[in-house]
Amino acid sequence: MTVLLDRDGPVAVITLNRPEKLNAWTAEMRERLIALLAEAGADPEVGAVVLTGAGRAFCAGQDLGETATIDPDDHAASDAWIDGFDRLYRAVLDLDKPVVAAVNGVAAGSGFQYALLADLRVGHAGVRMGQPEVLSGIPSITGIWAMWNILGRARTTEFALTGRLVYGAEAERLGLLTRLVGEREVLAEAVKQARELAALPPGAVALTKGRLRELESQALADAVVAAKKVHAAAYASGEPQREMNRFLERSAR
């Protein structure tokens, strides 16, 4: 299974399980992840959720082998790709239960955005986080939305345009991580934090998360509309496909 669901008492632990690819995801993985998030959300025995990755990565983002083949004239395929991320992001945001990300390694591109959706993020000093999509010819549109409230305009612009990845200490200073612990302690500390959150009065937690969701929901909807327009233009130019194929060729050497 490329996505696993385990239980640790009242905590559901959802693990991206494609370590040989740094947990870079495909559409099939994201659909399974959406289903497991819904399962955890509906389980009355689950009080909180931990998101993590197997091996040395949290999630390296999109598997470029999948998106490099998108036809420049196939706007429907580009739109469907964006819609898939919209469903995934809302599957996290719609949870009324607290979500903690155990950022065990690199979190890049859409994997970085996915980490930022968590209510709290625990990582270690060797973690690398950032938004390198532009380096592959992919405009960072939902990335801007995900970063904006944490980083503000200046830092969001820097991350979106440079593709720079930051290590754990800087990530914590910027608010991308909420706690920094030892590398071997990340998952255990995230589960511990999730247990503490699961013990809180669930009604108050759900209502608080509902208000936080209201503040983000329209901005996400706007980002998805913009992403469809921008990505259609980008893919029609053929630039993302060329850059992704160059990356894949370099990786294959």
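For the structure itself, look to the data block above.
Residues numbered from 1 in each chain as written. Predicted model: local features only at pLDDT ≥ 70, side-chain atom pairs only at ≥ 80, totals over all residues. Heavy atoms only, no water.

### Topic: the overall build of the chain
When you go through the chain residue by residue, the secondary structure sums to nine helices and 10 strands. Taking 2.2 N^0.38 as the reference for a compact globule, 253 residues should give roughly 18 Å; the C-alpha atoms of the chain span a radius of gyration of 17 Å, in line with that estimate. With respect to the principal axes defined by its C-alpha atoms, the chain has extents near 50 × 40 × 35 Å. Among the 253 residues that make up the chain, the fraction classed as buried is 49%. (Helix = DSSP H or I, 4+ residues; strand = E, 2+ residues; numbered from the N terminus. Rg over C-alpha atoms; globule rule 2.2 N^0.38 Å. Buried < 20%, exposed > 50% of the residue type's maximum accessible area, 1.4 Å probe, protein only.)

### Points about helix α8 (residues 202-237)
Taking 1.5 Å of rise per residue, 36 residues should cover 52 Å, and α8 covers 49 Å from first to last C-alpha, within 8% of that figure. At E216, α8 is bent by approximately 35°, the largest bend along its length. Those residues of α8 that sit buried are V205, K209, G210, L220, A223, V224, A227, H231, A232, A234 and Y235. G238 lies just past α8 and shows a positive phi near 80°. (Expected span 1.5 Å × (residues − 1). Bend = angle between axes of the 7 residues up to and from the residue.)

### Overview of the sheet that holds strand β3 (residues 48-53)
Read from one edge to the other, the open sheet built from six strands follows the order β1-β2-β3-β5-β7-β10, with strand pairing classed as mixed. Each of the sheet's edge strands pairs with one partner strand only, and the pair in question is β1 (3-8) and β10 (179-180). Helix-sheet contacts for helix α1 (residues 27-42) involve β1, β2 (11-16) and β3, and the interaxial angle to β1 is about 20°. (Pairing = 2+ DSSP bridges. Contact = heavy atoms within 4.5 Å. Axes fitted to C-alpha atoms, helices over the stretch in contact; angles between N-to-C directions.)

### Observations concerning the packing of helix α3 (residues 75-93) against α8
Axis separation between α3 and α8 bottoms out at 9 Å; the angle between their running directions is 160°. When the axes of α3 and α8 are compared, the pair comes out roughly antiparallel. Helix-helix and strand crossings are classified by hand; for α3 and α8 the assignment is right-handed. Residues H75, S78, D79, W81, I82, D83, D86, Y89, R90 and L93 of α3 form the contact with α8, whose participating residues are R213, E216, S217, L220, A221, V224, A227, K228, H231, A232, Y235 and A236. Counted by class, the contact of α3 with α8 contains 11 nonpolar, four polar and seven charged residues. (Parallel < 35°, antiparallel > 145°, perpendicular 65-115°, else oblique. Left-handed = near helix turned anticlockwise from the far one by under 90°. Nonpolar A, V, L, I, M, F, W, Y, C, P; charged D, E, K, R; others polar.)

### Topic: the sheet that holds strand β8 (residues 128-130)
Adjacent strands of a sheet pair through backbone hydrogen bonds, lying either parallel or antiparallel. What the four strands build is an open sheet, ordered β4-β6-β8-β9; its pairing is mixed. In this open sheet, the two strands that pair with only one neighbour each are β4 (57-59) and β9 (165-167). Across the sheet, the axes of successive neighbouring strands diverge by a mean angle of 20°, strand direction being ignored.

### Overview of the layout of surface pockets
Approximately 500 Å³ is the volume attributed to the second largest pocket. The wall of the second largest pocket is formed by 21 residues, among which L117, A118, D119, L212 and E216 lie closest to the centre. Breaking the lining of the second largest pocket down by element, the ones donating at least two residues are α3, α5 (142-162) and α8. At seven residues, the largest contribution of residues to the lining of the second largest pocket is made by α8. Among the residues forming the lining of the second largest pocket, the class breakdown is 14 nonpolar, two polar and five charged. (1 Å grid on protein atoms, 1.4 Å probe; cavity = no way out; pocket = protein on both sides within 12 Å on 5 of 7 lines; lining within 4 Å. Points joined across faces, edges and corners; volume = space filled by probe spheres on them.)

### A word on the pattern of salt bridges
Under the defined criterion, the tally for this structure stands at 15 salt bridges. A salt bridge links E31 to R87; the nearest nitrogen and oxygen atoms lie 2.3 Å apart. Here E31, found in helix α1, pairs with R87, found in helix α3; they are 56 residues apart in sequence, far enough to count as distant. For E31, a relative accessible area of 37% translates into the label partly exposed. (Salt bridge = Lys/Arg side-chain N within 4 Å of Asp/Glu carboxyl O.)

### As for the pairing of strand β5 (residues 99-103)
Counting buried positions along β5 gives five out of five residues, so the element sits mostly inside the fold. The side-chain alternation of β5 yields two buried faces, one formed by V99, A101 and V103 and the other by V100 and A102. Of the strand pairs in this sheet, β3 and β5 are connected by three bridges, and their pairing is parallel. Residue pairing in the sheet places V50 in a bridge with V100 of β5.

### Points about the pairing of β2
Of all six residues making up β2, six are buried, and the element is well covered by its neighbours. Neither face of β2 is left uncovered, since the one carrying V11, V13 and T15 and the one carrying A12, I14 and L16 both have all their residues buried. The pairing of β1 with β2 spans six bridges and is classified as antiparallel. Looking at the pairing, D8 lines up with V11 of β2. Judged from the six bridges that link them, β2 and β3 form a sheet pairing that is parallel. Opposite V11, over in β3, you have A48 as the bridge partner. For the handedness criterion, the β-α-β arrangement of β2, α1 and β3 is classed as right-handed. (Right-handed = clockwise from strand over helix to strand, strands pointing away.)

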